Amino acid sequence: MEQILTSNKNYLNFIKTVSILIPVAVAILIYLPGKLEVGEWVRNLPYINALINSLTSIFLISALIAVKKQKISLHKNLMMSSLILGTLFLLSYVTYHASVPSVIFGDANFNGVLSADELELIGNTRTIYLFVLLSHIGLSIVVIPFVLFSFYYSLTAQVGKHKKVVKFSFPIWLYVSVTGVIVYLMISPYYV
C-alpha cells in the first residue's frame, strides 16, 4: 500500500513539474534571440496545427457524447487520441515558433511592422483577434495540469476525482482547441 502511495505521489509531482516546465520551455523557445534553421517545410506547420486543433475539437465533443451514452471504451480511446494530438500540436507549435519570426496580425505588406495605414485598414478586427489569441494562450497554459490530472485520475480509477476535474478541463480544453482554429483562420492571410 505504501508503495502505491509513493508511486501516486511521484505521479502527482510529475504532473505539477510538467505543468510548469511546458509553458516555461515554450516561452524560452519562442523568444530565442536567433531562430532555428530547420527548412522551409516548417512554414506549413500553422496549417497542420489548425488541422490538429480541429481534430482535437471533434474528438473532445465525440468523447463527451460517448461517455454520455455510456460507451466508456470509445470515450477513453477518443480522449487518449486527443492527448496524443495535443502532444503533437505542442511539438509542432514549438518547432514553428522556434524557427520562424512571429507573424503580426494586419501586416499586409509582410515587413514585420504594423503601419498606421495597416492598423486603420483592419480596425477593430485586431482587438477581437488579440482577445481570442490572448485568451487562447492563457487558457492553454491553465489547461495543462487539468488535463494531466484528468488523465491521471482516470487511469488510476479515481472516478469521483476524475469527474470533478473534467468539469474544468473539458470546457477549457475545448475552448483552446476551437480558438486555436479561429486564431489560425484570422492570421493566415498574413503568413508569408
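Definitions and cut-offs
Residue indices begin from 1 for each chain and proceed along its sequence in written order. The predicted nature of this model means local features are confined to residues of pLDDT at least 70 and side-chain atom pairs, given and counted, to a pLDDT of 80 or more, with totals for whole chains, interfaces and linings taken over all residues. Processing note: side-chain calculations cover all non-hydrogen atoms of the structure and skip hydrogens and water entirely. Numbering of helices and strands runs from the N terminus; a helix is a DSSP stretch of H or I covering at least four residues, while a strand is a stretch of E covering at least two. Categorising residues by exposure relies on relative accessible area from a 1.4 Å probe, with only protein chains included: less than 20% of the type maximum marks a residue as buried, more than 50% marks it as exposed, and the intermediate range marks it as partly exposed. Residue contacts are defined here by distance: any two heavy atoms, one from each residue, within 4.5 Å place the two residues in contact. Under the convention used here, Asp and Glu are negative, Lys and Arg are positive, and both His and the chain ends fall outside the count. Charge placement uses NZ in Lys and CZ in Arg. For Asp and Glu, CG and CD serve respectively. Patch construction takes residues with relative accessible area above 30% that form no salt bridge. Like charges are linked within 9 Å, and nonpolar side chains (Val, Leu, Ile, Met, Phe, Trp, Tyr) are linked within 5 Å. Under the convention used here, a 1.4 Å probe and the Shrake-Rupley method define accessible areas, while residue burial counts only the protein chains that appear. We count a salt bridge whenever a side-chain nitrogen from Lys or Arg sits within 4 Å of a carboxyl oxygen from Asp or Glu. Here a pair means two rings of Phe, Tyr or Trp (six-membered ring of Trp) with centres within 6.5 Å. Their orientation is stacked below 30 degrees between planes, edge-to-face above 60, and tilted elsewhere. The definition of a nonpolar core used throughout is a set of buried Ala, Val, Leu, Ile, Met, Phe, Trp, Tyr and Cys residues joined through side-chain atoms within 4.5 Å. In the cavity and pocket records, a cavity denotes points on a 1 Å grid over the protein atoms alone where a 1.4 Å probe fits but cannot get out, a pocket denotes an open set with protein on both sides within 12 Å along at least 5 of 7 lines, and lining residues are residues with an atom within 4 Å of a point. Grid points are joined across faces, edges and corners, and a volume is the space filled by probe spheres set on the points. Residues are grouped as follows: Ala, Val, Leu, Ile, Met, Phe, Trp, Tyr, Cys and Pro are nonpolar; Asp, Glu, Lys and Arg are charged; all remaining types, including Gly, are polar. Expected helix span is computed as 1.5 Å times (number of residues minus one). To obtain the bend at a residue, axes are fitted to the seven residues ending there and to the seven starting there, and the angle between these axes is taken.

K.L.:
Got a minute to help me understand the overall build of the protein in this structure?
P.N.:
Within the protein, the regular secondary structure consists of six helices and zero strands. Walking the protein from its N terminus toward its C terminus, one meets helices and strands in the order α-α-α-α-α-α. Counting only C-alpha atoms and orienting by the principal axes, one finds that the protein spans roughly 65 × 35 × 30 Å. When the 192 residues of the protein are sorted by exposure, 35% land in the buried category. Once local pairs closer than 6 in sequence are excluded, the contacts in the protein between residues at least 24 apart make up 72%. If the 13 positive side-chain charges of the protein are averaged to one point and the 7 negative ones to another, these points end up 30 Å apart.

K.L.:
Is there a simple way to explain a positive patch on the surface in this structure?
P.N.:
There is a patch of like positive charges on the surface, built from Lys161, Lys163, Lys164 and Lys167. Structurally, the position occupied by Lys164 is in helix α6 (residues 159-187). Taking relative accessible area as the criterion, Lys164 reaches 60% and is therefore assigned exposed.

K.L.:
I tried to follow the packing of aromatic side chains on my own but got confused; where do I start?
P.N.:
Given two aromatic rings, one states the distance between the centres and the angle between the planes to describe the pair. Counting across every chain of the model gives 11 aromatic pairs. Three or more aromatic residues joined by ring pairs make a cluster, and in this case those are Tyr11, Phe149, Tyr152 and Tyr153.

K.L.:
I keep staring at unusual backbone geometry and nothing clicks. Help me out?
P.N.:
Across the chain, the bulk of peptide bonds are trans and the bulk of non-glycine residues have phi less than zero. We note that Gln70 has phi near 65°; this positive angle belongs to a residue other than glycine. Here Gln70 shows up in the loop between α2 (45-68) and α3 (72-99). Overall, the relative accessible area of 61% leaves Gln70 in the exposed class. Backbone geometry at Phe110 places phi at a positive 60°, although glycine is not the residue there.

K.L.:
It is not clear to me how the nonpolar core should be interpreted in this structure. Could you clarify?
P.N.:
Considering soluble globular proteins, one finds that nonpolar side chains tend to be buried as a cluster. Within the largest apolar cluster, 13 residues are counted, with the highest numbers of intra-cluster contacts made by Leu60, Met79, Val143, Val147, Phe151 and Trp173. Counting only elements with at least two residues in this core, the list comes to α2, α3, α5 (125-155) and α6. The leading source of residues in this core is α6, at five residues. Excluding residues within four positions of it along the chain, Leu60 makes contact with Met79, Ser82, Phe170, Trp173, Leu174 and Ser177. Counting residues in hydrophobic clusters, the runner-up holds nine residues, among them Leu133, Val183, Met186 and Tyr190.

K.L.:
Would you take a moment to explain the layout of surface pockets for this structure?
P.N.:
Rolling a probe over the atoms, with the probe sized like a water molecule, indicates the empty space that remains. By volume, the largest pocket amounts to about 1,300 Å³. Together, 47 residues line the largest pocket, and Phe89, Tyr93, His136, Ile137 and Ser140 are the ones closest to its centre. Within the residue set of the lining of the largest pocket, elements represented by two or more residues are α1 (2-30), α2, α3, α5 and α6. Here the lining of the largest pocket takes 13 residues from α5, the largest share from any one element. Looking at side-chain class alone, the lining of the largest pocket contains 34 nonpolar, 12 polar and one charged residues. Size it by volume and the second largest pocket reaches roughly 660 Å³. Taken together, 23 residues form the lining of the second largest pocket, with Val67, His75, Ser154, His162 and Val166 sitting closest to its centre. Residue assignment for the lining of the second largest pocket shows that the elements contributing at least two residues are α2, α3, α5 and α6. Residue contributions to the lining of the second largest pocket peak at seven residues, all from α6.

K.L.:
Can you walk me through α5 in this structure?
P.N.:
Count 3.6 residues to each turn of an α-helix, and residues three or four apart come out pointing the same way. If you check α5, its first and last C-alpha atoms are 43 Å apart, about what 31 residues at 1.5 Å a residue would give, namely 45 Å. Of all the bends in α5, the greatest reaches close to 35° and is centred on Val143; the proline Pro145 follows between one and four positions later. Ala157 lies just past α5 and shows a positive phi near 60°.

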